[in-house]
Amino acid sequence: MVQLSRILFRKYGNFVDNLRLYVRGGSGGMGLPRLGGHGGKGGDVWVVASKKVTLKKVMDKYPQKRFMAGAGANSSARALKGDRGEDKEIFAPVGVTVTADDGKIVGDLNAEGDRLKVAKGGYGGSFHSAFEPTKGQIKQIRLDLKLIADLGLVGYPNAGKSSLLTAMSNATPQIADYAFTTLRPEIGKLMYKDYKQISVADLPGLIEGAHLNKGMGHKFLKHVERTKQLLFVVDVSGFQLASKTPFRSAFEAIQLLTKELELFKEELVLKPALLVVNKMDLPDAEDRFSELKEQLQNPEEFSHLLDDDMIPKNYMTFRHVVPVSALTGSGIDHLKSCIRESLDEDAAMENKEVHQQRLQTLKHNSHTSI
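What counts, and where the lines are drawn
Residues numbered from 1 in each chain as written. Predicted model: local features only at pLDDT ≥ 70, side-chain atom pairs only at ≥ 80, totals over all residues. Heavy atoms only, no water. Axes fitted to C-alpha atoms, helices over the stretch in contact; angles between N-to-C directions. Helix = DSSP H or I, 4+ residues; strand = E, 2+ residues; numbered from the N terminus. Parallel < 35°, antiparallel > 145°, perpendicular 65-115°, else oblique. Contact = heavy atoms within 4.5 Å. Nonpolar A, V, L, I, M, F, W, Y, C, P; charged D, E, K, R; others polar. Pairing = 2+ DSSP bridges. pLDDT = per-residue confidence, 0-100. Buried < 20%, exposed > 50% of the residue type's maximum accessible area, 1.4 Å probe, protein only.

Focus on the packing of helix α4 (residues 250–264) against helix α5 (residues 285–297)
Next, step 1: With their axes 9 Å apart at the nearest point, α4 and α5 run at an angle of 40° to one another. By the angle between their directions, the pair α4 and α5 is classed as oblique. Residue-level contacts link A250, F251, I254 and Q255 of α4 to L292, Q295 and L296 of α5.
Next, step 2: Looking at the contact of α4 with α5 residue by residue, the class counts come to 5 nonpolar, 2 polar and no charged.

Rendered as structure tokens:
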């Protein structure tokens, strides 16, 4: 069996599945002691579910990641009751969990239009507060895209995804049910000697034209984003979906899969990805695998093999390229090691980023309190 080829290493992908935000409710308005006037209440900050939004869009639109509601109006002789401050709405994708900085879950956004109040506005000054208003709540919150698994298998129906999942997990994959989606993927659990568990989702098979909503395609693509990383699976010998469709080599299959992801949502190709080249027990598999490695190292040189509409804007790069045989079990242990290494690498990077963000927040708070 050919050993792993670490072809191209890519920096931590720009796909965003969590965001930390600073939120502040509006301060209340001043009361008016001589006339007994009430100041207006400060506005609240809400997170609202929208199907049109991704966390990356939120991050790109609001790079400072700070959201503040409007202050309540002061009481005056013209308007004894001050106007309420304007609420601030943060639009987030459907299927997000909102967590406070102390780790407590604020709530889930499972459907379009679901709303969660994340910071309350302060009260306006009144007789009971000696006409002094209160400040709005200040919080750090985190939005997490709810994941169905650590890895999502991406491949055409004949690639051997189900048999690979069974070979890796040494068990019959379980059918999973989720509140935020009607899709019910098969989930396999990879077990490690130190009791670490990694979940892998086998979603319904992808077909050419999936982004156009053929078959289960659209549902499949919609939920690929709900995995931390992608595990592409191709048949080393290539495939032909049906007698009427053209034969595709393994290289062409990878580019077609990439194109489908890209056409549905360009961000998906930024996810960290691994490539599994299956069916290495077949005749000529070694030669075909060597050819594929060469093509992946210089995909532009082999773009002439593809129709113009099949060429993705960005070629997928893989952290690991692993040849296996789900049938004989060859290469499976090595694949599990590569999966663990890739996920651990991202977890370490995320922990470092969170630590740095917390340090910055502490520094900011200490400066403002001086």
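Quick notes on the sheet that holds strand β4 (residues 88–92)
Next, step 1: Taken in spatial order, the 3 strands line up as β4-β2-β7 in an open sheet, and their pairing is mixed. Edge strands, defined here as strands with exactly one partner in the open sheet, are β4 and β7 (115–119). Direction aside, the axes of adjacent strands within the sheet are offset by 30° on average.
Next, step 2: As judged from the 4 bridges shared by strand β2 (residues 45–49) and β7, these two strands associate in the antiparallel manner. Counted as the bridge partner of W46 is K117 from β7.

Considering the confidence of the model for the protein chain
Next, step 1: Overall, the predicted model of the protein chain reaches an average pLDDT of 84, with 83% of residues at or above 70.
Next, step 2: Counted against residues more than four places away or in other chains, residues 1–13, with its pLDDT under 50, gives 49 contacts.

Remarks on the pairing of strand β12 (residues 197–202)
Next, step 1: Within β12, 5 of the 6 residues are buried, which leaves it mostly tucked inside the rest of the structure.
Next, step 2: Of the strand pairs in this sheet, strand β11 (residues 186–191) and β12 are connected by 6 bridges, and their pairing is antiparallel. Within the sheet, the bridge partner assigned to L190 lies in β12 and is I198.
Next, step 3: Connecting β11 to the antiparallel partner β12 that follows it, the hairpin turn spans 5 residues, and Y195 within it adopts a positive phi of roughly 75°.

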